[in-house]
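# Coordinate inspection notes
Here's the letter readout for the chains.
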Amino acid sequence: MQLDATDRKILRELQEDAGRSLDEIARAVGSSKTPVWNRIRKLREAGVIGPQVVVADPDKLGFEACFFVLIRTSEHDADWQGRFLHAVRSRPEVMEAHRLAGDIDYILKVRVQNARAYDVFYQALISEVKVHNVTALLSMEEIKNTTALPL
């Protein structure tokens, strides 16, 4: 799907706050409701826009510890990878997981209440799947966090 300037304006507005009324979004992009609604519908149908979600504040909900977990493995066969992916995808503490190029095989972003909760997560993970090396880095301060793409 080719995006024009109006599509990009609409997407910027939705990324900022998708909970605003259609009237507000249309006003912000300099259009009327019906054309904006039709564009949003087309963007959804094309898969450009995914599900709308609420972004909860982890600190206010007691998830004050954010760990970046670096994982090295000596196993790369399909069976191990399947078990690892299942273990990671089934744990709600894992906010993000990425397979990397370079010395580290995977990085996980894990949100938990505290260090003790991280240890419970860690013990459960290593009991389910063998890893060569795990390094956990505690984020001391979140400097920037956004879901908005630079349109």
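Residues numbered from 1 in each chain as written. Predicted model: local features only at pLDDT ≥ 70, side-chain atom pairs only at ≥ 80, totals over all residues. Heavy atoms only, no water.

### Description of the UniProt feature "domain: HTH asnC-type" (unreviewed entry) in the protein
Rules: UniProt positions are given in the numbering used here, feature names are shortened, and annotations may be inferred rather than shown by experiment. In this description a helix means any DSSP run of H or I spanning at least four residues, a strand means any run of E spanning at least two, and both kinds are numbered starting from the N terminus.
The residues that UniProt annotates with the feature "domain: HTH asnC-type" (unreviewed entry) are residues 3-64. This span, residues 3-64, is 53% helix and 0% strand, and a straight line between its end C-alpha atoms measures 39 Å.

### Let's talk about the side chain of Thr73
For clarity, the threshold we go by: The buried label goes to any residue with under 20% of its type's maximum accessible area, the exposed label to any with over 50%, and the partly exposed label to all in between, with areas taken from a 1.4 Å probe on protein chains only. Every residue pair with non-hydrogen atoms within 4.5 Å of one another is taken to be in contact.
Within the secondary structure, Thr73 is located in the loop between strand S1 (65-72) and helix H4 (78-89). Using a relative accessible area of 9% as the deciding quantity, one classes Thr73 as buried. Residues contacting Thr73, with those up to four places away along its chain left out, are Trp80, Asp105, Lys130 and His132.

### Re the packing of aromatic side chains
Note the threshold: Only centres within 6.5 Å qualify two rings of Phe, Tyr or Trp (six-membered ring in Trp) as a pair; their planes then separate them into stacked at under 30 degrees, edge-to-face at over 60, and tilted for everything else.
Enumeration over the complete set of coordinates arrives at 6 aromatic pairs. An angle of 10° between the planes, with centres 4.9 Å apart, marks the rings of Trp80 and Phe84 as stacked. Residue Trp80 and its partner Phe84 are both found in helix H4; the two are separated by 4 residues, about one turn of the helix. In this pair, the class of Trp80 matches that of Phe84, namely buried. Taken together, a centroid distance of 4.5 Å and an interplanar angle of 45° make the contact between Phe84 and Tyr106 tilted. One end of the pair, Phe84, is in helix H4; the other, Tyr106, is in strand S3 (residues 106-112), and 22 residues separate them in sequence. As far as burial versus exposure is concerned, Phe84 and Tyr106 are alike and both buried. Clustering of aromatic rings is evident, with ring pairs tying together Phe67, Tyr118, Phe121 and Tyr122.

### With respect to the sheet that holds strand S2 (residues 94-99)
Threshold: For two strands to be treated as a pair, DSSP must find at least two bridges joining them. Under this scheme, a helix contributes an axis fitted over its contacting stretch, all axes are lines through C-alpha atoms, and angles between N-to-C directions fall in the 0 to 180 degree range.
Taking strand neighbours across the sheet as the criterion, the 4 strands line up as S2-S3-S1-S4 in an open arrangement whose pairing is antiparallel. Of all the strands in the sheet, the pair left with one neighbour each is S2 and strand S4 (133-138). On average, each strand axis in the sheet is inclined to that of its neighbour by 20°, with strand direction left out of account. Strand direction decides the pairing type here: S2 and S3, joined by 5 bridges, are antiparallel. Within the sheet, the bridge partner assigned to Glu96 lies in S3 and is Lys109. Lying on the sheet, H4 is in contact with S1, S2 and S3; it crosses S3 at an angle near 25°.

### Re the environment of Arg83
As for its position among the elements, Arg83 is in helix H4. Assessed through its relative accessible area of 33%, Arg83 is described here as partly exposed. A C-alpha to C-alpha distance of 50 Å links Arg83 and Ser32, two positions 51 residues apart in sequence. The contacts of Arg83, once residues within four sequence positions are left out, are Glu128 and Val129.

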